[in-house]
Amino acid sequence: MPIFTYSSKTLKRTITIFTLLLWGSLFSQSPPVLTKPVMDDYTKFTIVGELGLTVTNFGVLGEGWNNPNQPSCRYKQYGTAREMVELMSYGGLWIGGIPVVNGVEQLPRVSTAIVDGVFDYGEEGFEYTTSPARADTIQIRSSISSASTSPLARYFSLDAVSHQDFVAEFTDRRTAWVDENGASGSIPNHEPLGIEIHLESYAWSHSFMESFVILDYTITNTSKQIDGTGWDIKNLYAGIWADASMNNMNYRSYFEPGSGFSWYDNINNFDGSYDANGYPRNLGYQYDYDGDDGWTQTYFAIKALHVSGTQAKSFTEWNQDQSKWYSFFNMWRWNQAENQEFPYLSMPTIDAQRYDKLSYSPFVDPFNTEMPPGESPWLEAPNSWMMLVSAGPAGTEDSGNGLIIPPSEDMNGNSALDPGEDTNSNGILDQYSVNLVFAIIAAPWSTSSLQESVERRADLRKNADWAQKAFNGEDVNGNGVLDPGEDLNFNGRLDRYIVPEPPPSPNMVVVPGDGEVALYWDDFSEHALDPVSRRKDFAGYRIYGSAKTAGAGEQYSLLAEFDVTGDEVGYDTGFNLIRIKNDAGQPDSVVINGHSYYYKWVNSGVKNGWPDKTVYALTAFDTGDPATGLESLESSRNENRTPVIPGSPPIEDASTPVSVYPNPYRARAGWDGAGQRERMLWFTHLPAKANIRIYTLNGDLVDEMEHDADIYRGADTRNLSQRSGAAQTVMSGGEHAWDLISMHDQAVATGMYVFAVENRVTGKVQVGKFLVIK
């Protein structure tokens, strides 16, 4: 039974996400047992871009910091140690509305993925479930071409919207559960709205779109599947609840007792500014109060991008035009239903209160009298602040007394028009749905000042504006109408998620050698069409490596740039210096693993054996569009980012004998970690397949290892295996690390040691010795 842990501020208890079936309590038959595996449901996270966000198929976002190797909501997930900040432990979807049964309005109902103050499944708050279908896990799509060597290329789909789409279905209709052992129970205090949710999340690797993930929810009234009659849902609102908490685990780790980790040093606030098109930003955001000595200088934000069929309201339109939607921001301290210091920032505990939070906020109401005018006293009250960003109202029809969503005709959920379901006799299965879209956004502080300011939020606003532009697509001014000049692909309809794009990064393979690294790449980028201009606008390549300055805040240093001649972009270098040529000097290619590569660049003089010190990325950039003022765009450095450990290639003939470095080994070498199990030395000039044995001078066996150049990635050495991107690290093949831990799980002592390396193919043995000094 999979375990899902929610971390409270004062204790830690375990939520068990059962392998279960939740069933509508109004059905009379016994609920069948669910046998579908749910392991995949909470292990999916975005790997493109810098924002690593866990997305589930039961409405929850984040993974609660249970697995240090899986981001909950991490930014920058490919950054330096100082940049890699966890922003949120858990988040989740809230949806509220007013059921109208036989013309009579009921009390508001709110269905939640998760709430604060509860810890065990079986307590209230965990109200969304998946279907019993075995295939009902998160589906993945990608717009990355199947011609690419990207790991996402195998998910290529013409239906994909982004570089990494997650698609999931869940519902709030079920109120009881049965686990695989026959135990059963109910979800406390859950009155279903009767809705089905279709989630599509979108993430991109473009440098200007790598800092947000879009969550696109389609919500359908399926209340007929509960009682056969169903009900209207009036004035539906939806929002993202977040237990945001800014923590750099490389500074004060949640996973290390005594590290100084704290939940209680964060500040929430609201940014009600407008973008260049006059569109309200309405950002709920959080930051660390003091920035943790420069280790946690990052923003987390949530923004509502869209409610279907209507346009966002501005402040001046508040309560004047209910055909338009508005976004709302609320916050409260963790698990505090009453807040004497800030009585207007209280935690909702029942559906009526949650609906009030979803549909109103003193932060955005210019006529509110609850909050002190012109003051923000909570900015000097760091704590564990919860956040709720919501939007609405949404509906498919205007009743004259609010927006309503009628019940869909599909009573049994089979997506077919069965006898007795065609209530309006139009021969069509009518489904009534609304669409609400949110973005999870991250950004670094734009200044290092500890004083919160508009200037410090400049990058946050820029990223939020790109998220809005990404959703708007052709709808440049955000008015929901395809205006003259906006139909970029000339198909006569308003298309979302169309933005100018740089050429994709080329397919690249990295070949490490002894003191050097060679990069090979193809010409894939040169043939890409820009989706807006519909022309090939490739301009050149840039090669990046790990930052060369110790302590530098940047992830990369620019190592080389090559570009097309005569286009007024770049340095007009051409590609002659990097083009692969045959003996006659003509352009040629090399084939590696069945793929043809046309360019080669070699970085010489790099140090062997250093993990995390040698990372390469190759980007492509375009010409921009001078006619529209669009600057040159560059692909993300994370698209083909490849960590490498240079070293000797395999040597089969012993022409260069096997040796050890550093020799002598002195404790706390530069690449070592702090603990005894984070040390290592290297065996070099190994055969591709070898047995390595280490002995004392008395002939006692200390340790033995098997080396296989095809699969070795340092898994038997903690100093390598626990580093970010360890599984993707490219090794040279002729080297193997040893952690100086014996086969009896003890750190070895100072002294001289003997090694014997046996070539498993030829049977030849080489011997040598090395000295350990502690």
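In this text the structure is predicted, and so the values were computed from the model without any measurement.

1. Remarks on the overall build of the chain
The number of helices and strands found in the chain is four helices and 42 strands. A total of 774 residues make up the chain; the buried ones form 56% of that total. Within the chain, contacts between residues separated by at least 24 positions form 65% of all contacts whose residues are at least 6 apart in sequence. As presented, the chain carries roughly 31,800 Å² of accessible surface, and 49% of it is formed by carbon and sulfur atoms.

2. Some thoughts on helix α3 (residues 458-472)
Each turn of an α-helix holds 3.6 residues, which means side chains three or four residues apart point in the same direction. In this model α3 runs 21 Å from its N-terminal to its C-terminal C-alpha over 15 residues, within 8% of the 21 Å that 1.5 Å per residue would give. Within α3, 11 of the 15 residues are buried, leaving the element largely enclosed by the surrounding structure. Looking at α3, one finds that the buried residues are Leu460, Arg461, Asn463, Ala464, Asp465, Trp466, Ala467, Gln468, Ala470, Phe471 and Asn472. Looking at the packing, one finds that the buried side of α3 touches β15 (212-221), β17 (266-271), β18 (283-288), β19 (298-307) and β24 (433-444). Just beyond α3, the residue with positive phi is Gly473, at close to 60 degrees.

3. Brief notes about the nonpolar core
Among the nonpolar cores identified, the biggest contains 115 residues, and Ile95, Ile214, Tyr217, Ile219, Phe300, Trp378 and Leu436 are the most heavily contacted of them. Counting residues in each nonpolar core, the second largest holds 29 residues, with Ala669, Trp682, Ile694 and Tyr712 among its members.

4. Some words on the pattern of salt bridges
Following the criterion strictly, the structure yields 23 salt bridges and no others. Glu86 is the salt-bridge partner of Arg74, the closest N and O atoms lying 3.1 Å from each other. Separated by 12 residues along the polypeptide, Arg74 in strand β6 (residues 73-75) and Glu86 in strand β7 (residues 85-101) bring together distant segments of the chain. No difference in accessibility class separates Arg74 from Glu86, as the two residues are buried. The residue Asp465 makes a salt bridge to Arg281 at a minimum N-O spacing of 2.9 Å. On the criterion of sequence distance, the pair formed by Asp465 in helix α3 and Arg281 in the loop between β17 and β18 is long-range, its members being 184 residues apart.

5. Some words on helix α2 (residues 351-359)
For α2, the set of buried residues is Asp351, Arg354, Tyr355, Lys357, Leu358 and Ser359. Summarising the contacts, the buried residues of α2 are in contact with β7, β9 (109-112), β16 (232-247), β20 (326-333) and β21 (385-394).

6. Comments concerning the packing of aromatic side chains
Across all of its chains, the model carries 43 aromatic pairs by this definition. Aromatic pair Trp65 and Trp263: ring centres 5.3 Å apart, planes at 20 degrees, arrangement stacked. Of this pair, Trp65 sits in the loop between β5 (60-61) and β6 while Trp263 sits in the loop between β16 and β17, placing them 198 residues apart in sequence. In this structure an aromatic cluster arises from ring pairing among Phe270, Phe329, Phe342, Tyr344, Phe363, Trp378 and Trp385. The positively charged end of Arg109 is found above the aromatic ring belonging to Trp231, 5.2 Å away from the centroid. The positively charged end of Arg637 is found above the aromatic ring belonging to Tyr544, 5.0 Å away from the centroid.

7. Things to note about the sheet that holds strand β14 (residues 195-203)
In spatial order, the strands read β10-β11-β14-β15-β24-β19-β18-β17; together these eight strands make up an open sheet with antiparallel pairing. Either end of the sheet is taken by a strand with one partner, and the two such strands are β10 (139-141) and β17. Pairwise comparison of adjacent strand axes, ignoring direction, gives a mean angle of 20 degrees for this sheet. Across four bridges, the pairing between β18 and β19 is antiparallel. From the neighbouring strand, Tyr285 faces β19, where its bridge partner is Ala301.

8. Some words on the sheet that holds strand β26 (residues 516-521)
Taken in spatial order, the three strands of this open sheet run β25-β26-β31, and their pairing is antiparallel. Pairing within the sheet leaves two strands with one partner each, and these edge strands are β25 (508-513) and β31 (599-604). Neighbouring strand axes in the sheet, compared pairwise and without regard to direction, differ in orientation by 15 degrees on average. Bridging between β26 and β31 involves six bridges; their strand directions are antiparallel. What sits directly across from Val517, in β31, is Asn603.

9. Focus on the pairing of β17
Burial analysis of β17 places six of its six residues in the buried class, which makes it a mostly covered element. Residues Asn266, Asn268 and Phe270 of β17 are buried on one face, and the alternating residues Ile267, Asn269 and Asp271, pointing to the opposite face, are buried as well. Judged from the six bridges that link them, β17 and β18 form a sheet pairing that is antiparallel. Within the sheet, the bridge partner assigned to Asp271 lies in β18 and is Leu283.

10. So, the confidence of the model for the chain
Per-residue confidence for the chain gives a mean pLDDT of 85; residues scoring 70 or more make up 87%. In the predicted structure, residues 1-40 sits below a pLDDT of 50 and forms 128 contacts with residues beyond four places in sequence or in another chain.

11. What to know about the pairing of strand β28 (residues 556-563)
In terms of burial, β28 is largely enclosed, as six of its eight residues are buried. As defined by bridge partners, strand β27 (residues 538-546) adjoins β28 across seven bridges and the pair is classed as antiparallel. Opposite Tyr544, over in β28, you have Leu558 as the bridge partner.

12. What about the environment of Asp537?
Relative to the assigned elements, Asp537 resides in the loop between β26 and β27. Residues Asp537 and Pro503, spaced 34 residues apart in sequence, show a C-alpha to C-alpha distance of 7.7 Å. Excluding residues that lie within four positions of it along the chain, Asp537 makes contacts with Pro503, Ala528, Asp530, Phe621, Asp622 and Thr623.

13. Some thoughts on the side chain of Arg74
Arg74 gets classed as buried once you look at its relative accessible area, which sits at 14%. In this structure the side chain of Arg74 is engaged in a polar contact, spanning 3.1 Å, whose partner is the backbone oxygen of Pro68. One polar contact links Arg74 to Glu86, side chain to side chain, over a distance of 3.1 Å.

14. Looking at the environment of Ala620
The topology assignment puts Ala620 in strand β32 (residues 615-622). Under the relative-accessibility criterion, Ala620 is labelled buried at 0%. Separated by 115 residues in sequence, Ala620 and Ser505 place their C-alpha atoms 5.2 Å apart. Excluding residues that lie within four positions of it along the chain, Ala620 makes contacts with Pro502, Pro503, Pro504, Ser505, Pro506, Ser525, Phe538, Gly540, Tyr541, Leu633, Glu634 and Ser635.

15. A look at unusual backbone geometry
Cis geometry is adopted by the peptide bond preceding Pro662, which originates at Tyr661 and carries an omega value of -10 degrees. Its location among the elements puts Pro662 in the loop between β34 (659-661) and β35 (665-666). In the segment running from Asn663 into Pro664, the intervening peptide bond is cis, with an omega of 10 degrees. Counting through the fold element by element, Pro664 comes out in the loop between β34 and β35.

16. Points about the environment of Ile404
Topologically, Ile404 is positioned in strand β23 (residues 403-405). Here Ile404 falls in the buried class, since its relative accessible area comes to 12%. The spacing of Ile404 and Asn235 is 169 residues in sequence and 6.1 Å in space, taken between C-alpha atoms. Discounting chain neighbours no more than four positions away, the residues touching Ile404 are Asp232, Ile233, Lys234, Gly395, Thr396, Glu397 and Ser399.

Parameters at a glance
- Residues numbered from 1 in each chain as written.
- Predicted model: local features only at pLDDT ≥ 70, side-chain atom pairs only at ≥ 80, totals over all residues.
- Heavy atoms only, no water.
- Helix = DSSP H or I, 4+ residues; strand = E, 2+ residues; numbered from the N terminus.
- Buried < 20%, exposed > 50% of the residue type's maximum accessible area, 1.4 Å probe, protein only.
- Contact = heavy atoms within 4.5 Å.
- Areas by Shrake-Rupley, 256 points an atom, 1.4 Å probe, with all protein chains shown as cover.
- Expected span 1.5 Å × (residues − 1).
- Core = buried A, V, L, I, M, F, W, Y, C linked by side-chain atoms within 4.5 Å.
- Salt bridge = Lys/Arg side-chain N within 4 Å of Asp/Glu carboxyl O.
- Phe/Tyr/Trp six-rings, centres within 6.5 Å; stacked < 30°, edge-to-face > 60°.
- Lys NZ or Arg CZ within 6 Å of the ring centre and 35° of its normal.
- Pairing = 2+ DSSP bridges.
- Axes fitted to C-alpha atoms, helices over the stretch in contact; angles between N-to-C directions.
- pLDDT = per-residue confidence, 0-100.
- Polar contact = N/O pair within 3.5 Å; in protein donor to acceptor, adjacent residues only side chain to side chain.

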